[in-house]
Amino acid sequence: MRKENKNMVTGLVRKVLPFYLFTLLPLTAVAQGEVTGAKHSVATNSFWANWFVQANVVGSSFWSSQEQQSVKISKLFKDYRTNLGFSLAVGKWFTPGLGLRTKFNGMWGRTIVSEDKSLNASKYWTLNEQVLFNLSNMLMGYNEQRTWNFIPYIGGGVGHGISYHTSVLGYSLGVLNTFRLTPKFAVNLDINYGSYDAAFDGFSGGGDTKLSLKGRDRIINVEVGLTYRLGNSSWKSSADLDAAQALAQSEIDALNAQLADLMAENDRLNQELENAQQPAPAPQEAVTVTQLVSAPASVFFNLNEAVIATQRDLQNVAELVAVAKQQGAKLVVTGYADSVTGSAERNRQLSEQRAEAVANEIVKMGFPREQIETIAAGGVDTLSPTTYNRRATVEVKAQ
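**A few points about the pairing of strand β4 (residues 121-133)**
The alternating pattern of β4 places S122, Y124, T126, N128, Q130 and L132 on a buried face and A121, K123, W125, L127, E129, V131 and F133 on a face that is not buried. The sheet contact formed by strand β3 (residues 98-110) and β4 spans 13 bridges and is antiparallel. Note that in β4 the partner of W108 across the bridge is K123. Alignment of β4 against strand β5 (residues 148-161), held across nine bridges, turns out to be antiparallel. Note that in β5 the partner of L127 across the bridge is V158.

In structure tokens form, the structure reads like this:
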């Protein structure tokens, strides 16, 4: 008997799996192509972000624990064991690759007492808690524009036979495929398997309650429907802190180089004064020379955003504001975007918005707005890597 069940399952896998893989293979190539150059690391979102709801039409095939003989492949989807139902689910993605889902399936099914479908009608529902693994995001990086996501899952829960007043425990596993329509909607193709205690359908024949195929009531479901993403459904890219630190270090190095040049010039002038031969030094009026030397401060932004990525960048800006106040000078704020992404017009708007965002922060520091000049430089590729160009610079205007 165990050998017959094994042959039956093996035959089903050999028949269904090649067709399933053949159908999904072209989609795999499309999804991989879309990821190129678009994946990025993401920041953790709040608890209320990345929730979703799903509704599906379900086609089910029921295998009863009473079927001790081998089931022919040709009879697996006969009308006396299949029926239509529906499923509803609510879930949340905690990361782009890991989520939880609570799923309800029902309400119409079959229980195999004969090959007369009128005798097999049965009502039931199942409720499962499932762990979702988005392998597309795990293996190829998060990309909110990806068309197809491949999401295996596994879970456990309860099954309740309405017609026979039975409640049992069971487990489920499957593959959820989502196909993006809009930022909020996606089409679902969910293929899954559920295994429940033999008493699920009201008949306890077989009696084996172990997690095996033999002696359990089993359901295969093919579900088609929609996913709707609630609230904030995307993931913000994390700030490129390494790029910011590297650029800040380069600015510090430039400032140190300027300071070294000034010190060398000061030493040279002192040496000339010592070597000067003058018969009688004439009284000279003391002259105070003030020279303003400052390196620009950079404030960085995330892709396609005009919100300052980290407030720590404003510390260097505050120092320049203090210098400008002391010298009575003006400040120049220049906004940039990277020319690799977005149109020229979008990059111009984005650079203008970034310059204004930094100018507004400077005003909050007590600096007059009329003494701030803003410049929109548009998209540039002057710095490498590309993320360095997503910034605004602040510098003291030369007198």
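From this point on, the discussion continues.
**Notes on helix α5 (residues 313-327)**
Over its 15 residues, α5 runs 22 Å from end to end, which matches the ideal 21 Å to within 8%, given 1.5 Å per residue. Every buried residue of α5 is listed here: D313, L314, V317, L320, V321 and A324. Looking down the long axis of α5, one finds its buried residues gathered within 110° of arc, a one-sided arrangement. Away from the buried face of α5 by more than 90 degrees, exposed residues Q315, E319 and Q326 are located. Looking at the buried residues of α5, the elements they touch are β9 (297-300), β10 (331-338), α6 (344-364) and β12 (391-396).

**Things to note about the packing of aromatic side chains**
Tallied over the full model, the rule gives 12 aromatic pairs. Plain terms: the ring middles of F62 and Y124 are 6.4 Å apart, the flat faces sit at 45° to each other, and that makes the pair tilted. Highlighted residues: F62 in strand β1 (residues 51-63) and Y124 in strand β4, separated in sequence by 62 residues. By the burial criterion, F62 is buried, and Y124 matches it. Aromatic side chains Y124 and F200 sit 5.3 Å apart centroid to centroid with 70° between the ring planes, which places their arrangement in the edge-to-face category. Placement of Y124 in strand β4 and of F200 in the loop between β7 (185-196) and β8 (217-230) is noted, with a sequence separation of 76 residues between them. Under the relative-accessibility criterion, Y124 is labelled buried at 6%. Members of the aromatic cluster, each reached through a chain of ring pairs, are F62, Y124, Y196 and F200. For R391, the ring lying beneath its charged end belongs to Y336, and the centroid distance is 5.3 Å.

Rules of the game
- Residues numbered from 1 in each chain as written.
- Predicted model: local features only at pLDDT ≥ 70, side-chain atom pairs only at ≥ 80, totals over all residues.
- Heavy atoms only, no water.
- Buried < 20%, exposed > 50% of the residue type's maximum accessible area, 1.4 Å probe, protein only.
- Helix = DSSP H or I, 4+ residues; strand = E, 2+ residues; numbered from the N terminus.
- Pairing = 2+ DSSP bridges.
- Expected span 1.5 Å × (residues − 1).
- Arc of directions from axis to C-beta.
- Contact = heavy atoms within 4.5 Å.
- Phe/Tyr/Trp six-rings, centres within 6.5 Å; stacked < 30°, edge-to-face > 60°.
- Lys NZ or Arg CZ within 6 Å of the ring centre and 35° of its normal.

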